[in-house]
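# Structural characterization, general
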Amino acid sequence: GQNIDQPTEMTATEGAIVQINCTYQTSGFNGLFWYQQHAGEAPTFLSYNVLDGLEEKGRFSSFLSRSKGYSYLLLKELQMKDSASYLCAGQLGVTGANNLFFGTGTRLTVIP
Amino acid sequence: KAGVTQTPRYLIKTRGQQVTLSCSPISGHRSVSWYQQTPGQGLQFLFEYFSETQRNKGNFPGRFSGRQFSNSRSEMNVSTLELGDSALYLCASSLFRGGEQYFGPGTRLTVT
């Protein structure tokens, strides 16, 4: 079966760096997505890792280790607007399938 | 380019009724996936459509169905509504299967 674990809540200070971890136990994950969701809004795409390693995109970076079933999202120079839920999602099925299995999300609160 | 649109945005129905939700993907996107989001279960995959064919289905009862039209627009239908069907229903489109999924604002369904 599939299982994704993320911390439920995290708090960090404006301007700091925060790392949100995601561990998964499954066979058949082809890649891993990270989404950001502000309260009352739809999720927005942040990053996608299909190969091991680090993907950097501005203030956001995402890392994947397929052998360890582990990913993290790194947010640098935190801003108040980064307060949101961060969802880790595994892409299931054959390559090219659009079946995402989501974790329950990590609610990040950025404080001044 | 316009984003994913979903109609209606809010809906209140009574137990036993049926409901149809609509999703228009981003222009040029051919893959549409549907998700249910609830506080307790988080985001759960319902089904994926590509080229008017259902490609994947999540673990939901047969009361949940969908279809995709030749212009890639998609509808999902829930029959014999139950209180537990109250949720935010999100539609996501991608240019191709397995690509980045862009979410619409969702339809919030309340079953009384």
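These lines cover the structure that appears in this document, whether it is placed above or below. (Residues numbered from 1 in each chain as written. Chains lettered and ligands numbered in written order. Predicted model: local features only at pLDDT ≥ 70, side-chain atom pairs only at ≥ 80, totals over all residues. Heavy atoms only, no water.)

## Quick notes on unusual backbone geometry
Here the residue pair Thr7(B) and Pro8(B) is connected by a cis peptide bond, since its omega of -10 degrees sits within 30 degrees of zero. Tracing the backbone shows Pro8(B) in the loop between β1 (5–7) and β2 (10–13). In this model, Glu77(A) sits at a positive phi of 45 degrees, which is unusual for a non-glycine residue. With respect to the helices and strands, the residue Glu77(A) is situated in the loop between β8 (70–75) and β9 (84–92). Given the relative accessible area of 54%, Glu77(A) is considered exposed. At Thr80(B), a position not held by glycine, the phi torsion is positive, near 45 degrees. Mapping Thr80(B) onto the fold places it in the loop between β8 (74–78) and β9 (87–94). (Helix = DSSP H or I, 4+ residues; strand = E, 2+ residues; numbered from the N terminus. Buried < 20%, exposed > 50% of the residue type's maximum accessible area, 1.4 Å probe, protein only.)

## Examining the sheet that holds strand β7 (residues 64–68) of chain B
Residues and elements named next belong to chain B. In spatial order, the strands read β1-β3-β8-β7; together these four strands make up an open sheet with antiparallel pairing. Taken across any chain shown, the strands that pair with only one partner, and hence form the sheet edges, are β1 and β7. Each strand of the sheet is rotated relative to its neighbour by a mean of 20 degrees, with strand direction disregarded. Summarising the sheet, β7 and β8 pair through five bridges and their orientation is antiparallel. If you follow Ser-65 over to β8, its bridge partner there is Asn-77. (Pairing = 2+ DSSP bridges. Axes fitted to C-alpha atoms, helices over the stretch in contact; angles between N-to-C directions.)

## A short note on the state of the cysteines
Residue and element names in this part refer to chain A. Within the structure shown, the criterion is met by two disulfides over all chains. In this model Cys-22 forms its disulfide with Cys-88; the gap between the sulfur atoms is 1.9 Å. Its S-S torsion of approximately -60 degrees makes the covalent link between Cys-22 and Cys-88 left-handed. Here Cys-22 is found in strand β3 (residues 18–25), whereas its partner Cys-88 is found in strand β9, with 66 residues between them in sequence. Taken individually, Cys-22 and Cys-88 each receive the classification buried, so the pair is uniform in this respect. (Disulfide = S-S within 2.5 Å.)

## Thoughts on the pairing of strand β3 (residues 19–24) of chain B
Residues and elements named next belong to chain B. As paired strands, β1 and β3 are joined by three bridges and run antiparallel to one another. Along β3, the bridge assignment pairs Thr-7 with Ser-22. Looking at chain direction, β3 and β8 are connected through five bridges and run antiparallel. Along β8, the bridge assignment pairs Val-19 with Val-78.

## Considerations on the environment of Pro61(B)
Here Pro61(B) lies in the loop between β6 (53–57) and β7. Given a relative accessible area of 41%, Pro61(B) falls into the partly exposed group.

## Side note on the interface of chain A and chain B
The partner chain B presents 19 residues to the 15 residues of chain A that form the contact. Taken together, the links from chain A to chain B amount to zero salt bridges. Put simply, chain A and chain B have three residue pairs in polar contact (both at pLDDT 80 or more) between them. If you list the elements that add at least two residues to the side of chain A that touches chain B, you get β4 (29–37), β5 (44–49), β9 and β10 (99–102) of chain A. (Contact = heavy atoms within 4.5 Å. Salt bridge = Lys/Arg side-chain N within 4 Å of Asp/Glu carboxyl O. Polar contact = N/O pair within 3.5 Å; in protein donor to acceptor, adjacent residues only side chain to side chain.)

By themselves, these figures tell us nothing about what the structure is for.
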